[in-house]
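Summary of the model geometry
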Amino acid sequence: MSVTVVDHPLAEHLLTSLRDRTTSPPVFRTLAKRLALALALEALRDLPTREVRVETPLEPATGRVLGDLVAVPILRAGLGMLEAVTELFPEVAVGYIGLERDEASLLPQSYYRKLPPVDGRHVLVLDPMLATGGSGSAACTAVKEAGRAESIRFVCVVSAPEGIRKMQDDHPDIPIFTAAVDRQLNEHGYILPGLGDFGDRLFGTE
Ligand code: PRP
Ligand code: URA
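Here is a short report on the structure shown in this document. (Residues numbered from 1 in each chain as written. Chains lettered and ligands numbered in written order. Predicted model: local features only at pLDDT ≥ 70, side-chain atom pairs only at ≥ 80, totals over all residues. Heavy atoms only, no water.)

**Observations concerning the pairing of strand β2 (residues 49–55)**
Taking burial as the measure, the seven residues of β2 include zero buried ones, a minor fraction of the element. Two successive antiparallel strands, β2 and strand β3 (residues 60–66), enclose a turn made up of four residues. (Buried < 20%, exposed > 50% of the residue type's maximum accessible area, 1.4 Å probe, protein only. Helix = DSSP H or I, 4+ residues; strand = E, 2+ residues; numbered from the N terminus. Pairing = 2+ DSSP bridges.)

Right under this line is the structure:
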């Protein structure tokens, strides 16, 4: 399984502001969207295209168009990454997977799932935090249960070594795109140094 760390200077700059505890929810939302855009572009760099013919005002031309794409944000925090993808690829179909970590067991509890057909399509699973990896892995399992996607990619903002190992064990076929691999998890399953609770910071629910 591959892990791509998107270390473009702009991505590093945005991530640093997201980590900063003084960044307010409105600014956090804007920066998260910008960083998601950089991550999505990298994750889709090798997205297959197909050849088409178009008529320019002067003559026929050959061009290439994108294949079918599905974005699947993991609720809630994944919503902070969705708009970047829908703006880049307006034709994208969107599925939702609702998962919430149980605070004691750290296991993801599923509360919602609505996926479009995924057969033959390229799926981007969006979740900013890959901590224990329980949520990311469960979401990828749900996408696999929904059909035979052409490809599945996992896009996150910050990942922990523990989460990467879990994804490697459960889904060695799914590449991960992340802005950073942080040091470790603390005893409550939070990423260190991390950026805190992404969902709370995004929606101001702290
Ligand atoms: C956060 C985050 C991931 C999950 C990561 O969601 O957005 O989905 O935790 O942790 P894991 O890798 O250990 O599973 P949370 O459960 O806090 O829900 P929220 O998005 O509604 O805030
Ligand atoms: N979820 C978050 O929002 N942050 C973490 O550090 C871990 C899980």
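Still to come is the rest of the account.
**Comments concerning the side chain of His171**
As for its position among the elements, His171 is in the loop between α5 (161–170) and β11 (176–181). Classification of His171 by relative accessible area gives buried; the value is 3%. At 3.2 Å, the side chain of His171 and the side chain of Thr141 are in polar contact. If sequence neighbours within four positions are ignored, His171 has contacts with Met1, Ser137, Cys140, Thr141 and Lys144. (Polar contact = N/O pair within 3.5 Å; in protein donor to acceptor, adjacent residues only side chain to side chain. Contact = heavy atoms within 4.5 Å.)

**Some details on the pattern of salt bridges**
Summed over all chains, the structure comprises 11 salt bridges. A salt bridge links Lys166 to Asp170; the nearest nitrogen and oxygen atoms lie 2.9 Å apart. Here Asp170 and Lys166 lie together in helix α5, a separation of four residues that amounts to about one turn. A relative accessible area of 32% means that Lys166 is categorised as partly exposed. Note on Asp170: relative accessible area 34%, which makes it partly exposed. (Salt bridge = Lys/Arg side-chain N within 4 Å of Asp/Glu carboxyl O.)

**Quick notes on the site of ligand 1**
Neighbouring ligand 1 are 15 residues, the closest being Arg101, Asp127, Thr132, Gly133 and Ser135. Residue Ala77 places a main-chain N or O atom 3.0 Å away from an oxygen atom belonging to ligand 1. In this structure, an oxygen atom belonging to ligand 1 sits 2.5 Å away from a side-chain N or O atom of Asp127. Bound to the protein, ligand 1 loses 91% of the 490 Å² it would expose on its own. Elements with a minimum of two residues in the shell around ligand 1: β6 (96–101), β9 (129–130) and α4 (134–146). Among the elements that make up the shell around ligand 1, the one with the highest residue count is β6 (three residues). For the shell around ligand 1, the class distribution of residues is six nonpolar, five polar and four charged. (Near = heavy atom within 4 Å. Areas by Shrake-Rupley, 256 points an atom, 1.4 Å probe, with all protein chains shown as cover. Nonpolar A, V, L, I, M, F, W, Y, C, P; charged D, E, K, R; others polar.)

**Focus: the side chain of Asp127**
One can find Asp127 in the loop between β8 (122–126) and β9. Contact partners of Asp127, with chain neighbours within four places excluded, come to Ile74, Gly78, Met81, Ser135, Phe154, Val155, Cys156 and Val157.

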